[in-house]
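Spelled out, the chains give:
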Amino acid sequence: IQLGAAYYSVCASTEDWGNAEGLCQGSGHDGLATIRDAEEQAQVEAMMDTSGVSNAWIGLTDVGSEGLFYWTSGIALTYTNWAVDEPNNLDGFENCGIIEAGRAYTWNDGDCALHLRDGFVCETRCPDADNDGVCDDDDICDLGDDAIDIDIDGVPDACDICLGFDDLVDSD
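Residues numbered from 1 in each chain as written. Predicted model: local features only at pLDDT ≥ 70, side-chain atom pairs only at ≥ 80, totals over all residues. Heavy atoms only, no water.

Caption draft 1: Spatial organisation of the nonpolar core. Judged by nonpolar contacts, the single largest core of 20 residues is most densely connected at Ile35, Met48, Ile99 and Trp107. For this core, the elements supplying multiple residues, two or more each, are strand 2 (6-11), helix 2 (38-51) and strand 4 (55-61). Excluding residues that lie within four positions of it along the chain, isoleucine 99 makes contacts with Ile35, Gln41, Val44, Met48, Ser54, Asn55, Ala56, Ile58, Tyr105, Thr106 and Trp107. (Core = buried A, V, L, I, M, F, W, Y, C linked by side-chain atoms within 4.5 Å. Buried < 20%, exposed > 50% of the residue type's maximum accessible area, 1.4 Å probe, protein only. Helix = DSSP H or I, 4+ residues; strand = E, 2+ residues; numbered from the N terminus. Contact = heavy atoms within 4.5 Å.)

Caption draft 2: Summary view of the state of the cysteines. Enumeration over the complete set of coordinates arrives at two disulfides. The disulfide partner of cysteine 96 is cysteine 112, and the S-S distance across this bridge is 1.8 Å. What sets the handedness of the cysteine 96 and cysteine 112 disulfide is the S-S torsion sign, and at about 95 degrees it is right-handed. Of the two residues, cysteine 96 is situated in strand 6 (residues 94-100) and cysteine 112 in the loop between strand 7 (106-111) and strand 8 (120-125); the sequence distance between them amounts to 16 residues. (Disulfide = S-S within 2.5 Å.)

Caption draft 3: Fine view of the pattern of salt bridges. A complete count under the given rule lists four salt bridges for this structure. Put simply, glutamate 123 and arginine 36 hold a salt bridge, and the shortest N to O gap is 2.5 Å. Within this pair, whereas glutamate 123 is found in strand 8, its partner arginine 36 is found in the loop between strand 3 (31-32) and helix 2, the two being separated by 87 residues in sequence. Accessibility expressed as a relative area gives 0% for glutamate 123, which makes it buried. Its salt-bridge partner being arginine 103, residue glutamate 86 comes within 3.3 Å of it at the nearest N-O pair. Here arginine 103 lies in the loop between strand 6 and strand 7 and glutamate 86 lies in the loop between strand 5 (70-71) and strand 6, a separation of 17 residues in the sequence. (Salt bridge = Lys/Arg side-chain N within 4 Å of Asp/Glu carboxyl O.)

Caption draft 4: Representation of the pairing of strand 4. Here strand 4 lies mainly inside the structure; seven of its seven residues are buried. Judged by which residues are buried, strand 4 turns out to be covered on both faces: Asn55, Trp57, Gly59 and Thr61 on one side and Ala56, Ile58 and Leu60 on the other are all buried. Judged from the two bridges that link them, strand 4 and strand 5 form a sheet pairing that is antiparallel. From the neighbouring strand, threonine 61 faces strand 5, where its bridge partner is tyrosine 70. (Pairing = 2+ DSSP bridges.)

Caption draft 5: Expanded view of the confidence of the model for the protein chain. Residues with a pLDDT of 70 or more make up 69% of the protein chain, whose mean pLDDT is 80. The low-confidence segment residues 161-172, where pLDDT is below 50, has 30 contacts with residues more than four positions distant or belonging to other chains. (pLDDT = per-residue confidence, 0-100.)

Structure follows, in structure tokens:
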């Protein structure tokens, strides 16, 4: 679903954080989701609720600088929605961001290597390819001859909801 300058997909697949990021990128998304404000947070919550995904990796990490979380997209971390007493780096291994439905969709830091999460949220930032000043389907889905189409369905993978994952969610 599109929100502002980005498209989001909630993917129901049990992956560790690194694999989830790689699956997002490898299938045409920019990576795991960056949540910039309360509006985007609410949209991701609604998508997770619709999909039945209760825990989802997002593109938030403090790898390399314990306690200093940042978005893998490079966008400044100006909005947060941490659960009470989070992030806490429990047992010294929690470095990756999770949204947890059971905690009112607040964020937690989790062990990046765990496969315990039942989903992840991918994001594709809108390129405004047709320079009309509007982020719309013409921008994200008209990617030209270089468009990746792994599932060979004639639709660029960046336009596929969840990009060919078996358990996909379309919240439109």
